Structures are given as structure tokens and as C-alpha cells.
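Chain and residue survey
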Amino acid sequence: MSDDVVLSVAGLTKSFGGLQAVRGVDFEVERGAIVGLIGPNGAGKTTTFNMIAGELPPTTGKITLLGEDITGQRTDTLYHKGLMRTFQLSHEYARMTALENLMVAAPNQTGESIWSTWFAGKSVRRRDAEVIDLARDTLEFLGLTHVGEELAGNLSGGQKKLLEIGRTMMNDSKVVLLDEPGAGVNPTLMRKVAEMIEQLNEERGYTFCIIEHDMDMIARLCGKVVVLAEGQVLMEGTMDQVRNDTRVIDAYFGGEVV
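Attention in this report is confined to the structure presented alongside it. Values in this document were obtained by computation on a predicted structure and should not be read as measured data.

Rules and cut-offs
- Residues numbered from 1 in each chain as written.
- Predicted model: local features only at pLDDT ≥ 70, side-chain atom pairs only at ≥ 80, totals over all residues.
- Heavy atoms only, no water.
- Phe/Tyr/Trp six-rings, centres within 6.5 Å; stacked < 30°, edge-to-face > 60°.
- Lys NZ or Arg CZ within 6 Å of the ring centre and 35° of its normal.
- Pairing = 2+ DSSP bridges.
- Helix = DSSP H or I, 4+ residues; strand = E, 2+ residues; numbered from the N terminus.
- Axes fitted to C-alpha atoms, helices over the stretch in contact; angles between N-to-C directions.

This paragraph deals with the packing of aromatic side chains. Each pair of aromatic rings is reported with the distance of its centres and the angle of its planes. One pass over the full model with this rule turns up one aromatic pair. The ring of Phe141 has Arg204 sitting right over it, with the charged end atom 4.5 Å from the ring centre.

Here you go:
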């Protein structure tokens, strides 16, 4: 495996009783890349994401992050290794403000320990100030400063998607799995979401793997596209190659060139 590969999936399978949802998926994500994972409904995309992110154990196969075998590791363990994901349906803390939603995503918060609050108050206060500053900087980067004190449950769909991206920034993630960042987002905010992904990629070196049904968004963001069909990799290549591959047209686009 090349040193440039940050995430590798090899021979990944997942069975639910007699149903095999994922059947031997293989692909790699290189450092600094934005890779698209597409396919028709039921192709196994979200199940694959769930296994990579530690939410489901694979039946067989191997997942490697930065050269380390992370197969079957828990989500919280992977969080501290720099692997994070967002969800098709935003998972915000609805009764907390946007600012607070970002603050709880920061690692190494000494105030979470009762012993630290008693015996290391100065370091707790210092870390709390660092987290607040980072959360405010993140809101500014995302263009969400004006809703920082708004309850997250009151935000629009697009603002919630941006907030989820912001949570990955609080941990300086190495690899981010984005599950349909454009779902339920109006066209104006969808462009904003795409711009934020591009900026994080180009300016901060974030590596992304994206599930998305909006092919214009995939074409804009992704240098490599992996196509799943019936739980298997059908092909991978550029978006131009994908659009013109007859197997993809038949399996994904209903036989019509897009």
C-alpha cells in the first residue's frame, strides 16, 4: 500500500442473516483526495460507511487507516485517530446552541473529569477558553457566526449540514466520511456546503470520502469516483469515465446517458 493512501478498504463484506449487503468491496482513498462513493439505492454505500466508521463490524475484510488496521474498532476510538463521519440526516444536539454543538465535539476536554475540576482548575479553564475560541473561529469559517447562539434544532437543513462539517473541524480530522451532504439542502446552501468542502480540502488538507446522489456535486468535488452496485464495486474512475460507462448507465442511471 502506498504511503499516500490514508484509507484502504479490502475485501469488505457484510451479511445480515441471509442477506449479503456488501460483497467484497475494495477501494483506496489517497491523502488530500476527495473520493465519491455512488450507486443506486441499496448498493451498499451507507453500510460500507458504517463499517469504516465503526458503527457496524464487517463480516469479513480489512479496513486500514494511515497504515493501521482499524477493522471493527469502535466509533469513539476512531474519532481519536482522526476518522469522522457525518450523516444523511443531521445528528445535531437540538436543544444546544450551534456554538455548544461545536464545543462538545472538541477532544481532550479536561473539565470532563471531576478530579480535574477539583484539582486542576487552571488547566480546565485554559482548555475551555481554547475550545470556545476554536468553536467561534469555526463558526466564522463556515459563515454561521450569526446563528452561533441559536438552538441547533432551529437551523435550516443546510446550516445543520455545515454544523456537522464544523464538528469534524473541532477534531482536526484526518479522514472525513460525508454521507449525502447535499440531502435536504436548498441550492444556495448546497453551493456553500461544496465551497466549504473545497476549502477544507485545498487550504487545510482534509481528505474526504463522499456519498452523494447529486451528480453535479460529485463532478465538482471528486477526482475519483467509486461506483457500487449490488454490494460490489462496479468500476472506479473520473466522473467523465463514470458517466460514459455502459455498466454504470445500466445499473445506476436506468440506461440513460447523463
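We now examine the sheet that holds strand β4 (residues 60–65). Here we have four strands laid out as an open sheet, ordered β2-β1-β4-β5, and antiparallel in their pairing. In this open sheet, the two strands that pair with only one neighbour each are β2 (19–30) and β5 (68–69). Here strand β1 (residues 5–16) pairs with β2 via nine bridges, running antiparallel. Within β2, the position partnered with Ser15 by the bridge is Gln20.

The six strands lie next to each other as β6-β7-β8-β3-β9-β10, forming an open sheet whose pairing is mixed. Of all strands in the sheet, those with a lone pairing partner are β6 (83–85) and β10 (232–237), marking the two edges. Here the average twist between neighbouring strands, direction ignored, is 20°. Relative to strand β8 (residues 207–211), strand β7 (residues 175–179) runs parallel, the two sharing five bridges. The residue bridging Val176 from the neighbouring strand is Phe208, located in β8.

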